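Chain residues, written in single-letter form:
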Amino acid sequence: MASKRSTGGLPRMIRGSVLTQRRRCGKRGCRCADGVDLHEATVLSYSESGRSRTVMLAAGEVAAVRAATERYRAARARVRGDGEAGLQAWLSARATRRGR
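Remember, it's a predicted structure, so these values are computed and weren't measured experimentally.

**Student:** Would you explain the pairing of strand β2 (residues 39-48) in this entry?
**Tutor:** In the case of a regular strand, side chains alternate between the two sheet surfaces. Bridge count between strand β1 (residues 17-23) and β2: seven bridges; the pairing is antiparallel. Opposite Arg23, over in β2, you have His39 as the bridge partner. As defined by bridge partners, β2 adjoins strand β3 (residues 51-56) across six bridges and the pair is classed as antiparallel. Bridging across to β3, Tyr46 finds its partner in Arg53. Hairpin connection from β2 to β3: two residues lie between these consecutive antiparallel strands, with Ser49 at a positive phi of about 55°.

**Student:** Would you take a moment to explain the nonpolar core for this structure?
**Tutor:** Nonpolar side chains in soluble globular proteins tend to end up buried together. In this structure, Leu10, Ile14, Val18, Leu44, Leu57, Val62, Val65 and Ala68 together form the largest nonpolar core, which totals eight residues. No other element matches helix α1 (residues 62-97), which puts three residues into this core. Not counting residues up to four positions away in its chain, the partners in contact with Leu44 are Ile14, Gly16, Ser17, Arg53, Thr54, Val55, Leu57, Val65 and Thr69.

Quick notes on the rules
Residues numbered from 1 in each chain as written. Predicted model: local features only at pLDDT ≥ 70, side-chain atom pairs only at ≥ 80, totals over all residues. Heavy atoms only, no water. Pairing = 2+ DSSP bridges. Helix = DSSP H or I, 4+ residues; strand = E, 2+ residues; numbered from the N terminus. Core = buried A, V, L, I, M, F, W, Y, C linked by side-chain atoms within 4.5 Å. Buried < 20%, exposed > 50% of the residue type's maximum accessible area, 1.4 Å probe, protein only. Contact = heavy atoms within 4.5 Å.

As structure tokens, then:
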């Protein structure tokens, strides 16, 4: 199914969000100990069985994963729009059949 994959073996669509996670590492002598200069990592965040999960992304993966999550959101919005239009058309036809 080549149409479902983009280049580089990455799926065309990925459910989730690309975020920048900021956190302390916990080491007393580290630059992040004061809570100001925190460590940053770019992650893919997604939910699984009602729990939030994160996967760290390598710098070379960020753009491709972000694009795949945006394609997923666009496809989901199209499906919702089509579903709403279908509902409205069905309700209208039903009302017409009932003489309203």
